[in-house]
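Per-entry structural report
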Amino acid sequence: MGRSLTGFTDATARRPHGPWARRHYRAPRSHMRLFALALAELQPQADDIYLEIGCGGGYFLDLVLARAARAAALDHSPEMVALARQTNRRALEQGRVEIVEGRAESLPWPDESFTCTANTGMWFFVEQPRAALAELHRVLRPGGRIVIATARKSWLNRLLWAVFSLRLYSDRELADLLRQAGFAEIRVSSPGLLNQIAVASKPANPA
């Protein structure tokens, strides 16, 4: 039972794969509210170089690329990487985006490569959040901004998503993680009953 439950969680959410996952993550309705929140906070600009970890099928990446100059994205599911490349085929052909398989805790890009970064609906699966935030801080340029759109720590989310064993944080806990990683101008809120969004920036003049 435990093994079958783990397999279900991986196939549908943690490391999506299979026919259902490919259909769902092409345009995941369950993530649309988080996408809207994240896009409103990120406010991508024409000169931005954007990074997304946990890009899934590439739907949100496509939204950002409609505004940003260039982007890179990473996911640890090879099927999601393939799907994200299909979704963003035109940007790939134009040389405006790179989409690779990898881990959030070990990003394959040089220091200070990006002006902004976001992740949506995946932070609750990150097993080493401190390491992931340290990597995001490393690859952001001074003044670069970060947005995390996730599920808030609440009894309702624990009840609704118990099968997935989500890693949930209070607003203070998430703010502390960002502060410890070196981010500043931190703002964390929990709009509605289910969602949580964090916004911060890498100091322009590191101490």
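Structure first, text after, so check above.
On to the environment of Cys55. Within the secondary structure layout, Cys55 lies in the loop between strand 1 (49–53) and helix 4 (59–65). Along the backbone, Cys55 and Asp75 are 20 residues apart, and their C-alpha atoms lie at a distance of 5.7 Å.

With mixed pairing, the 7 strands of this open sheet are ordered in space as 3-2-1-4-5-7-6. The sheet terminates laterally at strand 3 (97–101) and strand 6 (184–189), the two strands that pair on one side only. Neighbour to neighbour, the strand axes of the sheet diverge by 10° on average, direction disregarded. As paired elements, strand 5 (residues 140–151) and strand 7 (residues 195–201) share 7 bridges and run antiparallel to each other. Looking at the pairing, Ala149 lines up with Ile197 of strand 7. Contacts from helix 3 (residues 32–42) reach strand 1, strand 4 (114–120), strand 5, strand 6 and strand 7, with the element oriented near 20° to strand 7. Sitting on the sheet, helix 7 (residues 129–139) touches strand 1, strand 4 and strand 5, and the angle it makes with strand 5 is about 145°.

Counting across every chain of the model gives 7 salt bridges. Between Glu135 and Arg138 there is a salt bridge; the shortest N-O distance is 2.8 Å. A residue pair is termed a helical-turn pair when its members lie 3 or 4 positions apart in one helix, as Glu135 and Arg138 do in helix 7 at 3 residues. A relative accessible area of 23% places Arg138 in the partly exposed class. The residue Lys153 makes a salt bridge to Glu173 at a minimum N-O spacing of 3.3 Å. Here Lys153, found in the loop between strand 5 and helix 8 (155–160), pairs with Glu173, found in helix 9 (residues 171–180); they are 20 residues apart in sequence, far enough to count as distant.

Okay, the packing of aromatic side chains next. According to the stated counting rule, one finds 4 aromatic pairs in the structure shown. Between the aromatic rings of Phe35 and Tyr59, the centroid separation amounts to 5.6 Å while the plane-to-plane angle is 15°, which identifies the pairing as stacked. Placement of Phe35 in helix 3 and of Tyr59 in helix 4 is noted, with a sequence separation of 24 residues between them. Look at Phe35 and you get buried, because its relative accessible area is 6%. On the basis of relative accessible area, Tyr59 is assigned to the partly exposed category, the value being 28%. Taken together, Phe35, Tyr59 and Phe60 form an aromatic cluster joined through their ring pairs.

The next subject is the environment of Ala69. Tracing the backbone shows Ala69 in the loop between helix 4 and strand 2 (70–75). Between the C-alpha atoms of Ala69 and Tyr50, which are 19 residues apart in sequence, the distance is 8.1 Å. When sequence neighbours within four positions are dropped, the list of residues in contact with Ala69 reads Gln45, Ala46, Asp47, Asp48 and Arg96.

All right, on to the side chain of Asp75 then. Residue position: Asp75 is located in strand 2. Here Cys55 takes part through its backbone nitrogen, which lies 3.3 Å from a polar atom of the side chain of Asp75. For Asp75, the contacting residues outside a window of four places in its chain are Gly54, Cys55, Gly56, Met80, Val81, Val100, Glu101 and Gly102.

Reading the values: the criteria
- Residues numbered from 1 in each chain as written.
- Predicted model: local features only at pLDDT ≥ 70, side-chain atom pairs only at ≥ 80, totals over all residues.
- Heavy atoms only, no water.
- Helix = DSSP H or I, 4+ residues; strand = E, 2+ residues; numbered from the N terminus.
- Pairing = 2+ DSSP bridges.
- Axes fitted to C-alpha atoms, helices over the stretch in contact; angles between N-to-C directions.
- Contact = heavy atoms within 4.5 Å.
- Salt bridge = Lys/Arg side-chain N within 4 Å of Asp/Glu carboxyl O.
- Buried < 20%, exposed > 50% of the residue type's maximum accessible area, 1.4 Å probe, protein only.
- Phe/Tyr/Trp six-rings, centres within 6.5 Å; stacked < 30°, edge-to-face > 60°.
- Polar contact = N/O pair within 3.5 Å; in protein donor to acceptor, adjacent residues only side chain to side chain.

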